[in-house]
Each structure stands twice: as C-alpha cells, then as structure tokens.
Amino acid sequence: MKYSCPPLSRKQIREYARCIRRALKIEGLLWFPVEQFLETLHLLTNDEDLYFQIIPDDEWNQPPNRHAYFDLNDDCIYIKESIYVGACNGNGRDRMTIVHECAHVLLIRHSHLTLARSFDDDIPIYCDPEWQAKCLAGELMVPADRVQGISASDVSARCGVSKEAARYQLNKI
C-alpha cells in the first residue's frame, strides 16, 4: 500500500524552493544551512508546536534504513543522533536526510496535503509524497539557478550534498 497526494510538478516544487530560500534570505548561498533551517522551521510554517528531537542511536527503535522521520501526530521530526551529527559535520547524505524530512513538513503545510491510501502500485510520481519531499529537498540544497555549468563534483562540495545527489539534480536542470 502506498500513499498518494495532490500532484506537484518539479517546476512547481522548484519555484516553491526559490520562495523558501527568499524567505530565509539565502538566495545567493550554495551551502544550505541545514541546522539553522531545522531550528527555525517552526517559524517558517507558523507552527509553534512543531519541534524536532534527536534520538541516541542506541535508543533508535526504527528499521535500520530509517534515519529520520516526521510524525504528523506528534508534530515532531525525529532524527537519529548519528545522522544529526553527520549533518552538522557536513555529510551530504545526512544533510539531505534532514532536509527531506523538513520538506515533508513544508509540503503538508504548503498544499494542505491530504494523503490517500492507494492499493494501486502505479501512483504517478508527481503524486508520490516521497518523491515530492525528495524533489523539494534537492531543489533547496542544489538551487538550479545557481549551479548551471558547474560539475557534479563541484556541486557536491559547494552545496554539501553527495555526488550522487549532485548528479541527479544536475540531470534535472
């Protein structure tokens, strides 16, 4: 079973990312300030109840491939401690993980997202909440208007993302 949500195109998500960067006054930055973003997300969403919690690795009772998640019921982003530390130390994959979870929060608030269970495995990609969050995270961290003509290796270093993420984003520009 998958979830489906209202459709959003990459073009719409890219414009939303630009608006977010403008609101944060970081339009000119390549290195996305992940920790600052996480700490001020509640202000951006006008949700004073929204918070995040760092869970020590030895207390993380989630599947091994789950490194962070947003719990809509708790209004909380839960982050495995090693992922948070990695993000603070500039690990691109960890930085992207945190921004991805923040993207879920933003997309829910932005589109008044309603999720519908789908028993059809053929959900269009633009209606998949995971794709939308991945897309928004990528657009926030690798701004299309700032990286054209830059190599994937340079984008990785200058934007603080993995080389895989840099290549993926460059291919979408």
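Right above here is the structure, for reference.
The structure presented is a predicted model; accordingly, all values stated were derived computationally and were not measured.

This part takes up unusual backbone geometry. Peptide bonds are trans in most cases, and residues, glycine excluded, mostly fall at negative phi. Its identity is not glycine, yet N46 carries a phi of approximately 55°, on the positive side. Following the sequence through the fold, N46 ends up in the loop between α2 (34-44) and β2 (51-55). A positive phi angle is found at D75, which is not glycine, with a value near 60°. Along the polypeptide, D75 turns up in the loop between β3 (68-71) and β4 (76-80). Overall, the relative accessible area of 12% leaves D75 in the buried class.

Turning our eyes to something else, we now look at the environment of L8. For L8, the location among the structural elements is in the loop between β1 (2-4) and α1 (10-23). Along the backbone, L8 and D128 are 120 residues apart, and their C-alpha atoms lie at a distance of 9.1 Å. Once residues within four sequence positions are removed from consideration, L8 is found in contact with I13, L107, Y126, W131 and Q132.

Bridge analysis of β3 against β4 gives 4 bridges, and the strand direction is antiparallel. The residue bridging Y69 from the neighbouring strand is Y78, located in β4.

A few words on the pattern of salt bridges. Under the defined criterion, the tally for this structure stands at 4 salt bridges. In this structure, E15 and R18 form a salt bridge, with 3.5 Å as the shortest nitrogen-oxygen distance. Of this pair, E15 and R18 both sit in helix α1, separated by 3 residues, roughly a single helical turn. We classify E15 as partly exposed; its relative accessible area is 35%.

The subject of this paragraph is the packing of aromatic side chains. Following the criterion strictly, the structure yields 4 aromatic pairs and no others. Ring plane angle 25° and centroid distance 6.4 Å describe the contact between F52 and Y84, whose orientation is recorded as stacked. Of this pair, F52 sits in strand β2 while Y84 is found in helix α3 (residues 81-88), placing the two residues 32 residues apart along the sequence. Plain terms: the ring middles of W60 and Y69 are 5.9 Å apart, the flat faces sit at 55° to each other, and that makes the pair tilted. For the pair formed by W60 and Y69, the shared burial category is buried.

Let's shift gears to the packing of α2 against α3. Contact geometry for α2 and α3: axes closest at 9 Å, N-to-C directions at 125°. Considering the angle they form, α2 stands oblique to α3. Residues E35, L38 and E39 of α2 form the contact with α3, whose participating residues are Y84, A87 and C88. Classifying every residue of the contact of α2 with α3 gives 4 nonpolar, no polar and 2 charged.

Further remarks concern the packing of α1 against helix α5 (residues 129-141). Two packed helices can be described by the angle between their axes and the distance between those axes. Contact pair α1 / α5: the axes reach a minimum separation of 9 Å and the direction vectors enclose 45°. Between α1 and α5, the interaxial angle falls into the category oblique. Between α1 and α5 lies a crossing of right-handed hand. Along the contact surface, α1 presents R10, I13, R14, Y16, A17, I20 and R21, while α5 presents W131, Q132, C135, L136, E139, L140 and M141.

Together, D57, D58, E59 and E81 make up a negatively charged patch on the protein surface. Structurally, D58 is set in the loop between β2 and β3.

Moving on, we get to the sheet that holds β3. Strand order in the open sheet made by the 3 strands is β2-β4-β3, with mixed pairing throughout. Edge positions in the sheet fall to β2 and β3, since each of these pairs with one other strand and no more. On average, adjacent strands in this sheet sit at an angle of 20° to one another, irrespective of strand direction. Most of the contacts of α3 go to β4, to which it runs at about 85°, and overall it touches β2 and β4.

What counts, and at which threshold
- Residues numbered from 1 in each chain as written.
- Predicted model: local features only at pLDDT ≥ 70, side-chain atom pairs only at ≥ 80, totals over all residues.
- Heavy atoms only, no water.
- Helix = DSSP H or I, 4+ residues; strand = E, 2+ residues; numbered from the N terminus.
- Buried < 20%, exposed > 50% of the residue type's maximum accessible area, 1.4 Å probe, protein only.
- Contact = heavy atoms within 4.5 Å.
- Pairing = 2+ DSSP bridges.
- Salt bridge = Lys/Arg side-chain N within 4 Å of Asp/Glu carboxyl O.
- Phe/Tyr/Trp six-rings, centres within 6.5 Å; stacked < 30°, edge-to-face > 60°.
- Axes fitted to C-alpha atoms, helices over the stretch in contact; angles between N-to-C directions.
- Parallel < 35°, antiparallel > 145°, perpendicular 65-115°, else oblique.
- Nonpolar A, V, L, I, M, F, W, Y, C, P; charged D, E, K, R; others polar.
- Left-handed = near helix turned anticlockwise from the far one by under 90°.
- Patch = residues over 30% accessible without salt bridge, like charges linked within 9 Å, V, L, I, M, F, W, Y side chains within 5 Å.
- Areas by Shrake-Rupley, 256 points an atom, 1.4 Å probe, with all protein chains shown as cover.
- Lys, Arg positive; Asp, Glu negative; His and termini not counted.
- Charge placed at Lys NZ, Arg CZ, Asp CG, Glu CD.

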